[in-house]
Amino acid sequence: MNMSIADIRKDYTLKSLSENDVLHNPVQQFEIWWNEAVNSEIDEVNAMTLATVKANHSPVARMVLLKDFSTDGFTFFTNYLSAKGEQLFTNPNAAICFFWKELQRQVRIEGVVENVSEQVSDDYFNSRPIGSKLGAWASPQSKVVASRSILEENEKNYSKEFGNDIKRPAHWGGYILKPNYFEFWQGRSNRLHDRICYTLEKNEWLTARLAP
Ligand SMILES: Cc1cc2nc3c(=O)[nH]c(=O)nc-3n(C[C@H](O)[C@H](O)[C@H](O)COP(=O)(O)O)c2cc1C
């Protein structure tokens, strides 16, 4: 049977979120939700939407993988010469968004990105499987390529050149998003969802409830 898109909807009844329950520090609050998400065995729990801003001020979004978080910020890795890399170079404001549907939760984080240190990028690159390391060399990310075979040829050539000793290309590394805004969203019944946000004012995190 064909279902109309407009008829797809779900009522959220699993949990609630109160301003009285959230922690003072949003990173610690994130850690609680993160651990619950990991324990729920959500597939690709670290997948997040990353939004950046183009030079003409229009927004652009794509998925990336969260690779670390702490009170310093939220880290992901990519090609510094990619479209997102160019956008972040020109405008370091960015937002990330997680949807953990099994828990009926969304987390939105906004902030400013910085490059991580060479050491952090090296350490993560060196931990990657050999195929991923080669991929970082073989793919001029976001550039137009005439065919897939060019990428496969690149991969073969770099594999021959480097053998098992594959160093991180200088154009590949990490960004850390330093947050100035968080929002924790818990789906509730009848679209009256719970939304608790944190804004950073004079180095203090202030919380508020937002209408859904
Ligand atoms: C689940 C998922 C995870 C991804 N993780 C990454 C990642 O960690 N880093 C990355 O550069 N691209 C990742 N990608 C690919 C990006 O979405 C995107 O296609 C690529 O980075 C090029 O984006 P850009 O042209 O906007 O720079 C991922 C895609 C998906 C679907």
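What you see is a predicted model; the values in this text were computed from it and never measured. (Residues numbered from 1 in each chain as written. Predicted model: local features only at pLDDT ≥ 70, side-chain atom pairs only at ≥ 80, totals over all residues. Heavy atoms only, no water.)

## Notes on a nonpolar patch on the surface
- A grouping of Met 3, Ile 5 and Ile 8 is seen on the molecular surface, where their side chains present a nonpolar patch of about 380 Å² in accessible area.
- By relative accessible area, Ile 8 is classed as exposed at 57%. (Patch = residues over 30% accessible without salt bridge, like charges linked within 9 Å, V, L, I, M, F, W, Y side chains within 5 Å. Areas by Shrake-Rupley, 256 points an atom, 1.4 Å probe, with all protein chains shown as cover. Salt bridge = Lys/Arg side-chain N within 4 Å of Asp/Glu carboxyl O. Buried < 20%, exposed > 50% of the residue type's maximum accessible area, 1.4 Å probe, protein only.)

## Brief notes about the site of the ligand
- Inspection of the region around the ligand gives Arg 62, Met 63, Val 64, Leu 65, Phe 77, Thr 78, Ser 82, Ala 83, Lys 84, Gln 141 and Ser 142 as its neighbouring residues.
- Contact distances for the ligand include 2.7 Å between an oxygen atom and a backbone N or O atom of Met 63.
- A distance of 2.6 Å is found between an oxygen atom of the ligand and a side-chain nitrogen or oxygen belonging to Ser 142.
- Its free accessible area being 620 Å², the ligand has 64% of it covered by the protein chains.
- For the shell around the ligand, the secondary structure elements donating two or more residues are strand E2 (59-65), strand E4 (73-79) and helix H2 (83-90).
- For the shell around the ligand, the leading source of residues is E2, giving four residues.
- Considered class by class, the residues forming the shell around the ligand number five nonpolar, four polar and two charged. (Near = heavy atom within 4 Å. Polar contact = N/O pair within 3.5 Å; in protein donor to acceptor, adjacent residues only side chain to side chain. Helix = DSSP H or I, 4+ residues; strand = E, 2+ residues; numbered from the N terminus. Nonpolar A, V, L, I, M, F, W, Y, C, P; charged D, E, K, R; others polar.)

## Observations regarding the nonpolar core
- In this structure, Phe 30, Phe 98, Trp 100, Ile 109 and Phe 182 are the most contacted members of the largest nonpolar core, which totals 33 residues.
- Mapped by element, the contributors of at least two residues to this core are helix H1 (26-39), strand E1 (47-53), E4, strand E5 (93-100), strand E6 (105-115), strand E7 (172-186) and strand E8 (194-201).
- The element that contributes the greatest number of residues to this core is H1, accounting for five residues.
- Leave out the neighbours within four places in its chain, and Ile 109 touches Phe 30, Phe 74, Ala 94, Ala 95, Ile 96, Phe 98, Leu 177, Pro 179, Tyr 181 and Phe 182.
- Residues Phe 77, Val 116, Leu 134 and Ile 176 belong to the second largest nonpolar core, which totals nine residues. (Core = buried A, V, L, I, M, F, W, Y, C linked by side-chain atoms within 4.5 Å. Contact = heavy atoms within 4.5 Å.)

## Focus: unusual backbone geometry
- Not every positive phi belongs to a glycine, and Glu 41 is a case in point at roughly 55°.
- Looking at the secondary structure, you find Glu 41 in the loop between H1 and E1.
- By relative accessible area, which is 71% here, Glu 41 ends up exposed.
- Despite not being glycine, Gln 104 has its phi angle at roughly 55°, a positive value.
- Note that Gln 104 resides in the loop between E5 and E6.

## Quick word on the packing of aromatic side chains
- Throughout the structure, instances matching the rule amount to 26 aromatic pairs.
- A ring pair is formed by Phe 30 and Phe 74, whose centres lie 5.0 Å apart and whose planes are at 90°; its orientation type is edge-to-face. Here the residue Phe 30 occupies a position in helix H1, and Phe 74 occupies one in strand E4, the gap between them amounting to 44 residues.
- Taking the relative accessible area as the measure of exposure, Phe 30 reaches 0% and is therefore buried.
- Ring geometry for Tyr 80 against Tyr 175: centres 5.1 Å apart, planes inclined by 85°, an arrangement best described as edge-to-face. You can see Tyr 80 sitting in the loop between E4 and H2 and its partner Tyr 175 sitting in strand E7, a full 95 residues away along the chain.
- A relative accessible area of 16% means that Tyr 80 is categorised as buried.
- In textbook terms, an aromatic cluster arises when at least three aromatic residues are bridged by ring pairs, as seen for Phe 30, Trp 33, Trp 34, Phe 69, Phe 74, Phe 98, Trp 100, Phe 182, Phe 184, Tyr 198 and Trp 205.
- Arg 105 extends its terminal NZ or CZ atom over the ring of Trp 33, reaching a point 4.0 Å from the ring centre. (Phe/Tyr/Trp six-rings, centres within 6.5 Å; stacked < 30°, edge-to-face > 60°. Lys NZ or Arg CZ within 6 Å of the ring centre and 35° of its normal.)

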